[in-house]
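So the chains spell out like this:
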Amino acid sequence: MQFPIANRPKSATEWQTINWAAENRRVKNLRARIFKATQAGDDRKVRSLQKLMLRSRANTLMSVRRATQQNAGKHTPGIDKITVKTPKARGLLTDKLMEFQPWRAQPTRRVYIPKKNGKVRPLGIPTIMDRCIQARVKNALEPEWEAKFEPTSYGFRPGRSTHDAILDIWLTACKGRKTWVLDADIRGAFDNISHAPLLQSISGFPAQGLVKQWLKAGYVDGGIKHETDAGTPQGGIISPLLANIALHGMEDCLSISHKQATYRTIRKRVPYTIVRYADDFVVLTLTRELAEAARDKLREWLQARGLDLSEEKTRIVNLSEGFDFLGFNIREWATTRKTRGKVLLTKPSKDSVHALKKRLSAEWEQLRGHNAGKVVKRINPIVRGWANYFRIGASSETFQAVDHHNHICAMRWIKRTHPKKSVTWRTDQYFGMFHSGSHDKWVFGVKKTGFHLVKAAWISIRRHVKVKGYASPDDSSLKKYWDTRREAGGQLDRFTSRIASKQNYACPICGQALLNGEELHRHHLIRDVTDSARNNPKNIRIIHLMCHQQIHSPKYLAKAMKKGLLV
C-alpha cells in the first residue's frame, strides 16, 4: 500500500547529516513539558503532549539511535534475526517507523545469562522494531511518572544511581537513628508482576494498547512459543520503567508522607524509611517489632500485584550485624569516638570482593601467551571501574587487598611466560616506578612505552553527594543543578577524563552525556600538525563513535565546520 506524502518523510533520512544536538533538544523540551503538566495536574495537556511525543520525528530518531547504538544489546537480534549496524539501515528504519501503520508486537527471544549464585536469569530480547518503538513510548511515559515517583526510588531512573541509594541508607541510619533493617527480596519480581494492576496504573496513556501487547506477546524458547500471563520481560527498553510503575506506592503502604515535613527532616519524624533500587529494597526503622509490621504490610501489598517476599532471602537484622545491598556491606562498628561509641561504615561486600578476585584470576589465565601491553589493556578497565564504584565507601583496606591479589596474579603470569629466567630478570623486565608522583617500584608495565597497570589504591576515596529528594532531569527549573551533577564516573582514564570534564561530560556534537553506552573517540580539531601539538588536550574533543563517523562523512563535514559545531 502506498501512503500519501503527508504520512511519510519527503525524502529518505540521511543518518550522517542529522543535527543530533537539535533533535536531542526537541525531545528534552517535550519531556520537560510533560513533566511540568503532570506536576500541575493537567491530565488533558499531559495526554496531548504524549501524543505529540509519540509521533515526533525527533523522538523516533533518538529512539533508533538508542536501540541500535547505545544499548548494550544493540547487536543481539530478536526472533526475526535482524540487527541494524549501518547508517543507511538506521535511516531506512527511521523512515519505516515514521510511516503510519498499526503495529503488532512480536514475541521476544528467550536467552539465559548466568547469575552470581550459579543460577541463570531469563532475558526476553525483542525485535529491533519493537525496541525502537519501546524507546519511543518510554520517552512519552517516563516524564509523567518522573513527576510521581517516590524520592527514595533510585533504580533505572534518569539522574539516579546505586550510590544515591547507598548514601540515603547511611543518612537515614545516622541522622534518623534507625538501626533495625528489613532486608527484603521479592521472589521473581520481573517474572510475576500482575498485568492488570500495571495496566490500570497507566490507564489513559495514549500507547497503553502497545504496552499491553508487549506484556502479552509471549516468548520463544527453543523454537516453541510460550504465553505470558504475568511479568515484564527483562531485556526490553521499557521493562525497567514498567517495573518501577508496578512497584510504585510502597511508601503509601507504610504511611510515609513527605508533605508534612521537608525531606531533610523526614527521617526523624516517621517510623519507617524505605530505600528501593528497582526490585531490591530495604526498610529502616526503630525497633524489630516495627520491622516485622512493615514486612507483613508489604507482603500483603505485594500479593495484590502478584508478588511475594522470598522467605529465604528476606530477613530482619540490626545494623550491628550488617547487611549487603547493591554490592556494599553496611554495618555499624564499635569505635572509640565519644559521640555514640559506634560508626556506620559502607564497605565492599565479601561477595563483591570475591567475585572481582575470581574474575581477575580468570582474565590473567586467559592472557597467557599475550604480551604485557595486552594484559594492561584488559586488566585496567576492570580494576578502574570496580574501584571507582566502591570509592564512595570506606574501601582503602579493600583496595590494598585487591592490589595484592593482582600482584600475585602478575607474578604468576610472568613466571609462566618466562619459566627459565631468574627472579631478578623478571623483576627488572616488568616492574618499575611507572606511576608519576609515586615511589612504588612494584608497578607492572611495559618499560618501552610506560603503559602500566593501575592500582585500586591510587583511586582516592570520594564521598558521593546524594541527589535531592524529588529532583528529576525532566524538571527544566533544575537545569543548572543537573549540569553540575553530570560526571563520568570511573570509566575514563585520567587524560580522557580531564578533557571530558572541560566539556561538562557531554558530547559537543549531539549534546548527550558522554557515557550513554556508546563507544568514545578522540577527535583532533587540527590533524596536520606535529604530534605534540596534535595530542595537546586543547586540540582534542571527546565525542561518541557515531558522532566521530558523522563529522568525517563528506555530506556533514562542510556543514559542521561552517556552523562551528566542533568548537
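Being a predicted model, the structure only gives us computed values, none of them experimental.

### Digging into empty space enclosed by the protein
Counted by the stated rule, this structure contains four cavities of 30 Å³ or more. Taken as a whole, the largest cavity encloses approximately 100 Å³ of empty space. In terms of lining, the largest cavity is formed by Asp403, Asn406, His407, Ala410, Phe431, Trp442, Val443, Phe444, Leu453, Val454 and Lys455. Of all the secondary-structure elements, those providing two or more residues to the lining of the largest cavity are helix H16 (396-417) and strand S13 (443-444). With four residues, the top contributor of residues to the lining of the largest cavity is H16. Partitioned by chemical class, the residues of the lining of the largest cavity number seven nonpolar, two polar and two charged.

### Points about the sheet that holds strand S10 (residues 328-334)
Reading across from one edge, S9-S10-S11 is the order of the three strands in this open sheet, with antiparallel pairing throughout. Here the strands that pair on one side only, and so sit at the sheet edges, are strand S9 (323-325) and strand S11 (342-348). In this sheet, adjacent strand axes meet at a mean angle of 30° when their direction is disregarded. Sheet analysis places S9 next to S10, joined by three bridges and oriented antiparallel. Its bridge partner being in S10, Asp324 is matched across the sheet by Asn329. Most of the contacts of helix H6 (residues 162-175) go to S11, to which it runs at about 165°, and overall it touches S9, S10 and S11.

### Let's talk about the packing of aromatic side chains
Taken as a whole and assessed by the stated rule, the structure comprises 16 aromatic pairs. Geometrically, the ring pair formed by Trp145 and Phe149 is tilted, given 5.8 Å between the ring centres and 40° between the ring planes. Take Trp145 and Phe149: they sit in the same class, and that class is buried. Relative to Trp413, the ring of Trp364 lies with its centre 6.3 Å away and its plane at 65°, an arrangement referred to as edge-to-face. In this pair, Trp364 is assigned in helix H14 (residues 350-366) and Trp413 in helix H16, connecting sequence segments 49 residues apart.

### Concerning the pairing of strand S7 (residues 280-285)
In regular strands, side chains alternate between the two faces of the sheet. The buried fraction of S7 is high, at five of six residues. Hairpin connection between strand S6 (residues 273-277) and S7: a loop of two residues separates the two successive antiparallel strands, and Ala278 in this loop has a positive phi of roughly 60°.

### Things to note about the environment of Lys51
Topologically, Lys51 is positioned in helix H2 (residues 43-54). The exposure class assigned to Lys51 is partly exposed, which follows from its relative accessible area of 46%. When the C-alpha positions of Lys51 and Ala500 are compared, they lie 36 Å apart, and in sequence the two are 449 residues distant.

### Side note on the nonpolar core
One finds Val137, Ile186, Val211, Met250, Phe281 and Val283 to be the most contacted residues of the largest nonpolar core, which totals 85 residues. Sort the elements by how many residues they give to this core and helix H5 (residues 128-146) lands first, with nine residues. In this structure Val211 touches Val137, Leu199, Ile202, Phe205, Ile238 and Leu242, once residues within four positions along its chain are discounted. Counting 52 residues, the second largest nonpolar core, distinct from the first, contains Tyr154, Val275, Phe325 and Leu356.

### Brief notes about unusual backbone geometry
Even without being glycine, Lys81 reaches a positive phi, approximately 60°. Within the secondary structure layout, Lys81 lies in the loop between helix H3 (57-70) and helix H4 (87-98). Positive phi values are uncommon outside glycine, yet Phe156 reaches one of about 55°. When you line up the elements, Phe156 lands in the loop between H5 and H6. On the accessibility criterion, Phe156 (44% relative accessible area) is partly exposed.

### Considering the packing of H3 against H4
One can describe the packing of H3 onto H4 by two numbers: an axis separation of 10 Å at closest approach and a directional angle of 135°. Overall, the two elements H3 and H4 adopt an arrangement that is oblique. H4 is crossed by H3, and the crossing has right-handed handedness. Between H3 and H4, the residues in contact are Arg57, Thr60, Leu61, Val64, Thr68 and Gln69 and Arg90, Leu93, Thr94, Leu97 and Met98, respectively. Its residues assigned to classes, the contact of H3 with H4 comprises five nonpolar, four polar and two charged.

### A word on helix H19 (residues 494-502)
Among the residues of H19, those classed as buried are Thr496, Ile499 and Ala500. Down the axis of H19, the smallest arc covering the buried residues is 100°, so these residues share one side. Turned more than 90 degrees from where H19 packs its buried face, Arg494 and Lys502 sit exposed. On its buried side, H19 packs onto strand S14 (520-524) and strand S15 (540-544). Positive backbone phi, at 60°, marks Asn504, one or two positions downstream of H19.

### Focus: H6
Here H6 contains 14 residues, and its C-alpha end-to-end distance of 20 Å stays within 8% of the 20 Å for a straight helix at 1.5 Å per residue. Within H6, burial applies to Thr162, His163, Asp164, Ala165, Ile166, Leu167, Asp168, Ile169, Leu171, Thr172, Ala173 and Cys174. A positive phi of about 60° marks Arg177, the residue just after H6.

### Regarding the sheet that holds strand S1 (residues 108-114)
Read from one edge of the open sheet, four strands run S2-S1-S4-S5, paired in mixed fashion. Whereas interior strands pair on both sides, the edge strands pair on one side only; in this sheet they are strand S2 (120-125) and strand S5 (224-226). Neighbour-to-neighbour, the strand axes of the sheet open up by a mean angle of 40°, direction not taken into account. Relative to strand S4 (residues 219-221), S1 runs parallel, the two being bridged by two bridges.

Each value, and the rule that gives it
- Sequence order sets the numbering: in each chain, residues are counted from 1 along the sequence as written.
- Residues qualify for local features only when their pLDDT is at least 70, as the model is predicted, and side-chain atom pairs are given and counted only at 80 or more; totals for whole chains, interfaces and linings, by contrast, use all residues.
- As a convention, hydrogens and water are excluded, and side-chain values are obtained from all of the structure's heavy atoms.
- Grid points spaced at 1 Å and placed over the protein atoms alone form the basis of the search, with a cavity being a set where a 1.4 Å probe fits but cannot get out and a pocket an open set showing protein on both sides within 12 Å along at least five of seven lines. Lining residues have an atom within 4 Å of a point.
- Grid points are joined across faces, edges and corners, and a volume is the space filled by probe spheres set on the points.
- Counting from the N terminus, the helices are the DSSP runs of H or I reaching at least four residues and the strands are the DSSP runs of E reaching at least two.
- Three classes are used, and their members are as follows: Ala, Val, Leu, Ile, Met, Phe, Trp, Tyr, Cys and Pro are nonpolar, Asp, Glu, Lys and Arg are charged, and the others, Gly among them, are polar.
- The pairing criterion is simple: DSSP has to find at least two bridges between the two strands.
- Working convention: axes come from line fits to C-alpha atoms, limited for helices to the stretch in contact. Angles between N-to-C directions cover 0 to 180 degrees.
- Contacts are residue-level and defined by heavy atoms, with any inter-residue pair within 4.5 Å sufficient.
- Aromatic rings from Phe, Tyr and Trp, with only the six-membered ring used for Trp, were paired whenever their centres fell within 6.5 Å, and each pair was classed as stacked if the ring planes differed by under 30 degrees, edge-to-face if by over 60, and tilted otherwise.
- Only protein chains enter the calculation, and the probe is 1.4 Å; a residue is then buried if its accessible area is under 20% of its type maximum, exposed if over 50%, and partly exposed in between.
- Only buried residues count toward a nonpolar core, which is a set of Ala, Val, Leu, Ile, Met, Phe, Trp, Tyr and Cys residues joined through side-chain atoms within 4.5 Å.
- To sort the angles, those under 35 degrees are grouped as roughly parallel, those over 145 as roughly antiparallel, those from 65 to 115 as roughly perpendicular, and the leftovers as oblique.
- If you view the pair so one helix is near and one far, a crossing is left-handed when the near helix is turned anticlockwise from the far one by less than a right angle, and right-handed when it is turned clockwise.
- Summarising the geometry, the arc corresponds to the directions from the helix axis toward the C-beta atoms.
- For a helix, the expected span equals 1.5 Å multiplied by the residue count minus one.

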